[in-house]
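Examination of the molecular architecture
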Amino acid sequence: MPAPLRSMTGFARTRRHLGDSEVVVSVKTVNHRGLDVQVRAPEAADPYENAVRTAVKASVARGHVEVRISLPRAAAEVTAATLNRDLLHAYLSAFREAAAEHGLDSKPDLNAALRVPGMFEASSEMELPAEIESVLMSAVGEALAALNEFREREGGEIGDEMRRHNAELQHAAKEIEAIRSQATSAFQNRLEERLKELLKGVQLEPQRLIQEAAVIADRSDVGEELARLKIHAGQLGLLLDGGGEVGKKLDFLLQEMNRETNTILSKTGGIGDAGLRVTDLALQAKSCIEKIREQSLNLE
């Protein structure tokens, strides 16, 4: 069974009871060239951050992922900071010694002393429950599963839209191919009219005229470009059907398709109404390619 297409944007939130409170995990993803994971959680969850990141990397291949974790308040909070009396005593002693050594009549400023780094110490009022890790990781796993369901649903819709544009592109390519068969006769008529204007009534050898028209038509032939464009369109369909991580592959393929379409446009001047129609169809194809590209930027 082919892997599903996934959008890079999604959101999910799960809640798990822990005693009288709960653990809340939310995951949000947006577009990004690679995989960028940010975990926002209380310090009490620091021991589990690597496990959270590992779980995310196993579920998400590309995108900016923000994981927010909320722990029970009693587990996440700390008591009021306590004074580091040993540090304060050392500070005051050093102050008095320096004042006496330099003959200064000065008293220490308690406010300044309390701002010294490390003067206050924070200690946890209570330890995290023993089951916190299993509850937290279970919530993370559930949130990631819900996130991927959301992303797959949106990815399927994006894929259907891309297939419609690809079908329009292939239809335009078929019509251009049908017009292409008329190119030699169109060039012959155009060349004959131009030469009559230049030679003012001088008779032309029909065979030579046909040869010259064929040479010009060959230089302007878009057969190779059309063949490659159709092959690329087929590959695009196969990529979408195969699913999985296709965003970067689509980007390269669409660049090639755009290049072929530009070449077709550059070769279709000077063949009258047929050329105008080819130009119109090639512009339609370019529009389809651009719409597919815009959609592909949202795929993982």
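Residues numbered from 1 in each chain as written. Predicted model: local features only at pLDDT ≥ 70, side-chain atom pairs only at ≥ 80, totals over all residues. Heavy atoms only, no water.

At a minimum axis separation of 9 Å, helix H8 (residues 223-242) and helix H9 (residues 247-267) run at an interaxial angle of 155°. As far as their axial angle goes, H9 and H8 are roughly antiparallel. By crossing handedness, the relation of H8 to H9 is classed as left-handed. Contacts between H8 and H9 involve Glu225, Leu226, Arg228, Leu229, His232, Ala233, Gln235, Leu236, Leu239 and Leu240 from the former and Lys249, Leu250, Leu253, Leu254, Glu256, Met257, Glu260, Thr261, Thr263, Ile264 and Lys267 from the latter. (Axes fitted to C-alpha atoms, helices over the stretch in contact; angles between N-to-C directions. Helix = DSSP H or I, 4+ residues; strand = E, 2+ residues; numbered from the N terminus. Parallel < 35°, antiparallel > 145°, perpendicular 65-115°, else oblique. Left-handed = near helix turned anticlockwise from the far one by under 90°. Contact = heavy atoms within 4.5 Å.)

This next bit is on the packing of helix H1 (residues 49-59) against helix H5 (residues 132-180). The interhelical angle for the contact between H1 and H5, taken along N-to-C directions, is 25°, at an axis separation of 10 Å. As the angle between them shows, H1 and H5 are arranged roughly parallel. For the pair H1 and H5, the sense of crossing is right-handed. In this structure, H1 uses Ala51, Val52, Ala55, Val56 and Ser59 to contact H5, whose residues at the interface are Met137, Val140, Leu144, Asn148 and Arg151. Of the residues assigned to the contact of H1 with H5, the class counts are seven nonpolar, two polar and one charged. (Nonpolar A, V, L, I, M, F, W, Y, C, P; charged D, E, K, R; others polar.)

Residue pairs spaced three or four apart in an α-helix point in one direction, given the helix's 3.6 residues per turn. In this model helix H3 (residues 85-101) runs 24 Å from its N-terminal to its C-terminal C-alpha over 17 residues, within 8% of the 24 Å that 1.5 Å per residue would give. Of the residues trailing H3, Gly103 is marked for its positive phi of about 65°. (Expected span 1.5 Å × (residues − 1).)

Looking now at the confidence of the model for the chain. Mean pLDDT for the chain: 85, with 80% of residues reaching 70 or above. In this model, residues 74-80 is a region of pLDDT below 50 whose contacts with residues beyond four sequence positions or in other chains number 11 contacts. (pLDDT = per-residue confidence, 0-100.)

This part covers the sheet that holds strand S4 (residues 63-70). The four strands are arranged S1-S2-S4-S3 in an open sheet whose pairing can be described as mixed. Two strands bound the open sheet, and with one partner strand each, they are strand S1 (10-18) and strand S3 (35-40). Adjacent strand axes in the sheet meet at a mean angle of 15° when their direction is disregarded. As paired elements, S1 and strand S2 (residues 21-30) share nine bridges and run antiparallel to each other. Looking across to S2, one finds that His17 is bridged to Glu22. Packed onto the sheet, H1 meets S3 and S4 and runs at close to 145° relative to S3. Along the sheet face, H5 touches S1, S2 and S4 and points at about 155° away from the line of S1. (Pairing = 2+ DSSP bridges.)

Let's shift gears to the environment of Ala12. Tracing the sequence through the fold places Ala12 in strand S1. When its relative accessible area of 5% is taken as the criterion, Ala12 is described as buried. Sequence separation between Ala12 and Asn148 is 136 residues, and the spatial gap between their C-alpha atoms is 8.8 Å. Excluding anything up to four places from it in sequence, Ala12 contacts Val25, Ser26, Val27, Ala143, Ala146 and Leu147. (Buried < 20%, exposed > 50% of the residue type's maximum accessible area, 1.4 Å probe, protein only.)

Over the atoms a probe the size of a water molecule is rolled, and this reveals where empty space is left. By volume, the largest pocket is sized at about 240 Å³. What lines the largest pocket is Met8, Asn31, His32, Arg33, Arg62, Gly247, Lys248, Asp251, Ser296 and Leu297. Here the lining of the largest pocket takes three residues from H9, the largest share from any one element. Residue composition of the lining of the largest pocket, grouped by class: two nonpolar, four polar and four charged. (1 Å grid on protein atoms, 1.4 Å probe; cavity = no way out; pocket = protein on both sides within 12 Å on 5 of 7 lines; lining within 4 Å. Points joined across faces, edges and corners; volume = space filled by probe spheres on them.)

Further remarks concern the pattern of salt bridges. Side-chain pairs of opposite charge can arise where the charged atoms are in close proximity. Counted under the stated rule, the structure contains 18 salt bridges. Taking the shortest distance from any N to any O, the salt bridge between Arg277 and Glu175 comes out at 2.9 Å. With Arg277 in helix H10 (residues 272-296) and Glu175 in helix H5, this pair connects stretches of sequence that are 102 residues apart. Owing to a relative accessible area of 25%, Glu175 belongs among the partly exposed residues under this scheme. Glu260 is the salt-bridge partner of Arg228, the closest N and O atoms lying 2.8 Å from each other. With Arg228 in helix H8 and Glu260 in helix H9, this pair connects stretches of sequence that are 32 residues apart. (Salt bridge = Lys/Arg side-chain N within 4 Å of Asp/Glu carboxyl O.)

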